[in-house]
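So the chains spell out like this:
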Amino acid sequence: MGTWGTGISSNDIYEDINYEFFELYNQGMEVSTITEKLIKENKELIDSHEDQNNFWITIAKSQWECKALDPKIYSRIKDIVESEKDIELWKELDASKSDLIKRRKVLENFLEKISTEKKTARKIKVKKKRGAIFQKGDCLIFKLSDGDFCGAFVLESEKESEFGLNLVAVTDIKKSDKPTEQDFENAKILFGMQQHSKTEYRPKERISWYYAQHYKKAEIEIEIVGQLEVDKSYSSSRHYQSFSNWDNLKLFQDSYYSDLEKNKCDVNVPLKSLRKNTGYNNGYNSLWQRVKTKFNL
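Below is a short write-up of the structure.

The rules behind each value
Residues numbered from 1 in each chain as written. Predicted model: local features only at pLDDT ≥ 70, side-chain atom pairs only at ≥ 80, totals over all residues. Heavy atoms only, no water. Phe/Tyr/Trp six-rings, centres within 6.5 Å; stacked < 30°, edge-to-face > 60°. Lys NZ or Arg CZ within 6 Å of the ring centre and 35° of its normal. Core = buried A, V, L, I, M, F, W, Y, C linked by side-chain atoms within 4.5 Å. Buried < 20%, exposed > 50% of the residue type's maximum accessible area, 1.4 Å probe, protein only. Helix = DSSP H or I, 4+ residues; strand = E, 2+ residues; numbered from the N terminus. Contact = heavy atoms within 4.5 Å. Pairing = 2+ DSSP bridges. Axes fitted to C-alpha atoms, helices over the stretch in contact; angles between N-to-C directions. Left-handed = near helix turned anticlockwise from the far one by under 90°. Nonpolar A, V, L, I, M, F, W, Y, C, P; charged D, E, K, R; others polar. Expected span 1.5 Å × (residues − 1). Arc of directions from axis to C-beta. Parallel < 35°, antiparallel > 145°, perpendicular 65-115°, else oblique. Salt bridge = Lys/Arg side-chain N within 4 Å of Asp/Glu carboxyl O. Polar contact = N/O pair within 3.5 Å; in protein donor to acceptor, adjacent residues only side chain to side chain.

1. Structural notes on the packing of aromatic side chains
To describe a pair of aromatic rings, you give the distance between the ring centres and the angle between the ring planes. Within the structure shown, the criterion is met by eleven aromatic pairs. Grouped by ring-pair contacts, the aromatic residues F134, Y210, Y215 and W246 constitute a single cluster. Between the NZ or CZ atom of R76 and the centre of the ring of W56, over which it lies, the distance is 4.0 Å. Looking at K174, its charged tip hangs above the ring of Y257, at a distance of 5.1 Å from the centre.

The structure is reproduced here in structure tokens:
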């Protein structure tokens, strides 16, 4: 029972169930269908002596917000409050006298609130769809603080998604003159040493997802110098669970090159291995086995 206060929403169950409820509601699902789905998927909470009250209270609150409170759910809440089942539970959990008084008042106010139908239903929030800033296969360059150019490559580009993410891999390209498409053909993925514990550092590839909505405010000038084919597909829910803002492209690389002796590591992965479904894949997997062995990953 992850609870941090006496309020209706001051527990983990409320946060989780309320979030799931309105995610579905905003997708246009009917309140009755949402409720049925959540009940079916949360049998463990419903059967839990400690958690069931918070589950039903959350369902009731969510339904009421949508002006669709089920009379059966209302009766369940009325019973929980008037029988003081929830107060007895809090006593079992050694709640203080002051918390019991606060909780009882919270429940009474909640029952009074949902006893009157809400004037207007909560509006459905339509999530804005965004397209990624750059196209899959774009060869990007930007200047570092020392004046040299750095190269980054777009491995994936989301279309009409919530965040419009680009998956960007930073390469080992660093040169005083402007890089070309051919430089990207021969590039390798940049790895840096990342602190894993107080005394241990491990190699980490510089590959992250970048948000479309943060691009306009970024203080970085990025130029496209070419386009290379990418056969592979990547998903933000499955690959490279690292998310960042565009300014960090420059900040991270400035930091990397400012102390190259500490950050540099001898991992050599061709950019091509992340672009193409070719024999490079086996080499990449084999390489990672050696890296894992060397660094005990």
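2. Focus: the nonpolar core
Of all hydrophobic cores here, the largest spans 31 residues; its most connected members are I17, F21, F55, W56, I77 and F110. Contributing elements (two or more residues each) for this core: α1 (12-25), α2 (31-41), α3 (43-46), α4 (52-65), α5 (71-82), α6 (85-92) and α7 (97-114). Top contributing element to this core by residue count: α1, with seven residues. Those residues in contact with I17 that sit more than four places away from it in its chain are L38, N42, L45, F55, T58 and I59. One finds I207, Y211, V269 and L274 within the second-largest nonpolar core, a separate group that totals 26 residues.

3. Some thoughts on the pairing of strand β6 (residues 207-210)
In β6, alternate side chains face the same way, and those of I207 and W209 on one face and S208 and Y210 on the other are all buried. Pairing analysis gives four bridges linking strand β3 (residues 166-175) to β6, with the strands arranged antiparallel. Note that in β6 the partner of L167 across the bridge is W209. In terms of strand pairing, β6 meets strand β8 (residues 243-244) through two bridges, oriented parallel. Paired with W209 across the bridge in β8 is F243.

4. Comments concerning the packing of α1 against α4
Viewed as axis vectors pointing N to C, α1 and α4 meet at an angle of 35°, and their least axial separation amounts to 9 Å. Like other packed secondary-structure pairs, α1 and α4 cross with a definite hand, here right-handed. Each of I13, Y14, I17, N18, F21 and F22 in α1 lies in contact with α4, whose residues at this interface are N54, F55, T58, I59, K61, S62, Q63 and E65. In terms of residue class, the contact of α1 with α4 is built from seven nonpolar, five polar and two charged.

5. Let's talk about α7
The terminal C-alpha atoms of α7, which comprises 18 residues, lie 26 Å apart, in line with the 26 Å expected from a rise of 1.5 Å per residue. Considered for burial, the residues of α7 that qualify are L100, R103, L107, F110, L111 and I114. Each buried residue of α7 sits inside an arc of 95° when the element is viewed along its axis, so together they form one side. Exposed side chains of α7 directed beyond 90 degrees from the buried face belong to K97, I101 and E112.

6. Looking at the packing of α1 against α2
Where α1 contacts α2, the two axes come as close as 10 Å, and the packing angle between them is 140°. Classified by the interaxial angle, the pair formed by α1 and α2 is oblique. As α1 packs across α2, the resulting crossing turns out to be right-handed. Here I17, E20, F21, L24 and Y25 of α1 come into contact with α2, specifically with V31, I34, T35, K37, L38 and E41. Residues belonging to the contact of α1 with α2 are distributed by class as follows: seven nonpolar, one polar and three charged.

7. Examining the pattern of salt bridges
Applying the stated rule across the entire model yields 16 salt bridges. As a salt-bridge pair, R104 and E84 come within 2.6 Å of each other at their nearest N and O atoms. Of this pair, R104 sits in helix α7 while E84 sits in the loop between α5 and α6, placing them 20 residues apart in sequence. Owing to a relative accessible area of 26%, E84 belongs among the partly exposed residues under this scheme. Across the salt bridge formed by D146 and K174, the nearest N and O atoms sit 2.8 Å from each other. Of this pair, D146 sits in the loop between β1 (138-143) and β2 (149-157) while K174 sits in strand β3; the two residues are 28 residues apart in sequence, bridging distant segments of the chain.

8. Description of α6
Of the positions making up α6, those classed as buried are D86, I87, L89 and W90. All buried residues of α6 project into a common sector of 155° when viewed along the axis, lining one side. Lining the buried residues of α6 we find α4, α5 and α7. D94 sits one or two positions beyond α6 and adopts a positive phi of about 60°.

9. Quick notes on the environment of K175
The residue K175 is located in strand β3 in this model. On the basis of relative accessible area, K175 is assigned to the partly exposed category, the value being 22%. A sequence separation of 86 residues divides K175 from E261, and the C-alpha atoms of the two residues are 18 Å apart. Look past the residues within four positions of K175 in its chain and what remains in contact with it is D148, F149 and D183. A polar atom in the side chain of K175 sits 3.0 Å from the side chain of D183.

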